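# Structure at a glance
Spelled out, the chains give:
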Amino acid sequence: MNSTDGYLVDTSASATGPLLLLAHGAGAPADSPFMAILAAALVEQGVTVIRFEFPYMARRREDGRKRPPDRQDKLLADFREHLEQLRKGPGRGRRIFIGGKSMGGRMASVLASAAEFSGGFEGVVCFGYPFHPPGKPDRWRVGHFPELQCPVCILQGTRDPFGKPEEVAAALPAPNPVTIHWLEGGDHDLLPPKRQAASQADLIREAARLAAEFMAGV
């Protein structure tokens, strides 16, 4: 991994594999343990990963003060800017995907549902999609799914309080181009219960493998 102009670049040995622009979740930065393990696992699958931080997280890194995420319009504008820089620079000639952890994945999916979608990326990968706030299954965040303009892959733990298998199956609007892979025992950070043989790292590696298969098949 190397750092370039505020980006964390995890480079695969393959120069022809997919390139994933990866955003962080609401409360942890781009170099959190989860993001670091995930990026390394994706690189092992032949995916080049470019991690970035939204403005509010960058400010937190500068002054150490925790702050809530920026408004959605500001997050989306920042995501678009990073995408355009990627397309004009290291992503030129590469198959580009976008995605993220939790909120970052949600913002990527909202970009993919925009009416002005111009095919600037081939698909979206979400690691732990926040279908609804924990304990508030009446506040679903899937209203934009029917407008998705490209394939979306969601890697979700079966114990994730932001959306579990039964409730997601009942609430997901149809039709939509979303594929969900459920990772047994994982919570929102893909951490399984201690009694389970598979570790968090195992589940993250499995999520990376499934994500790479999705990107290869788009």
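### What about the side chain of Asp10?
Examined against the element boundaries, Asp10 turns out to sit in strand E2 (residues 7–10). A distance of 3.0 Å separates the side chain of Asp10 from the side chain of Arg51, its partner in a polar contact.

### Focus on the side chain of Ser113
Here Ser113 lies in the loop between helix H4 (103–112) and strand E6 (124–127). At 2.8 Å, the side chain of Ser113 forms a polar contact with the backbone oxygen of Val110. Ignoring any residue separated from it by four or fewer positions in sequence, one finds Ser113 in contact with His144, Glu147 and Leu148.

### As for the pattern of salt bridges
As enumerated under the stated definition, the model contains 12 salt bridges in all. Salt-bridge contacts for Glu84 lead to Arg87; the nearest nitrogen and oxygen are separated by 3.1 Å. Taken together, the residues span about one helical turn, with Glu84 and Arg87 both in helix H3 (residues 72–88) at a distance of 3 residues. The shortest N-O distance in the salt bridge between Lys101 and Asp189 comes to 3.1 Å. Here Asp189 lies in the loop between strand E8 (178–183) and helix H6 (200–217) and Lys101 lies in strand E5 (residues 96–101), a separation of 88 residues in the sequence. If you follow the salt bridges from partner to partner, you end up with Asp31, Glu53 and Arg61 in one network.

### Here's the deal with unusual backbone geometry
Note that the residue after Ala174, namely Pro175, is joined by a cis bond; omega there is -5 degrees. Positioned with a positive phi, Ser102 is a non-glycine residue whose angle comes to about 50 degrees. With respect to the helices, strands and loops of the structure, Ser102 is situated in the loop between E5 and H4. Positive phi, close to 60 degrees, is recorded for Leu190, a residue that is not glycine.

### A closer look at helix H2 (residues 55–63)
Of the residues making up H2, those classed as buried are Tyr56, Met57 and Arg60. Along H2, the residues classed as buried sweep out an arc of 100 degrees about the axis, all on the same side. Buried residues along H2 sit in contact with H3 and H4. The positive-phi residue at the C-terminal boundary of H2 is Gly64, with phi of around 80 degrees.

### Concerning H3
Look at H3: 24 Å from first C-alpha to last across 17 residues, which is about the 24 Å you get at 1.5 Å a residue. Those residues of H3 that sit buried are Leu75, Leu76, Asp78, Phe79, His82, Leu83 and Leu86. Mapping the buried residues of H3 onto a view down its axis gives an arc of 160 degrees, with all of them on the same face. Buried residues belonging to H3 abut E2, strand E3 (19–23), strand E4 (48–52), H2, E5 and H4.

What counts as what
- Residues numbered from 1 in each chain as written.
- Predicted model: local features only at pLDDT ≥ 70, side-chain atom pairs only at ≥ 80, totals over all residues.
- Heavy atoms only, no water.
- Helix = DSSP H or I, 4+ residues; strand = E, 2+ residues; numbered from the N terminus.
- Polar contact = N/O pair within 3.5 Å; in protein donor to acceptor, adjacent residues only side chain to side chain.
- Contact = heavy atoms within 4.5 Å.
- Salt bridge = Lys/Arg side-chain N within 4 Å of Asp/Glu carboxyl O.
- Buried < 20%, exposed > 50% of the residue type's maximum accessible area, 1.4 Å probe, protein only.
- Arc of directions from axis to C-beta.
- Expected span 1.5 Å × (residues − 1).

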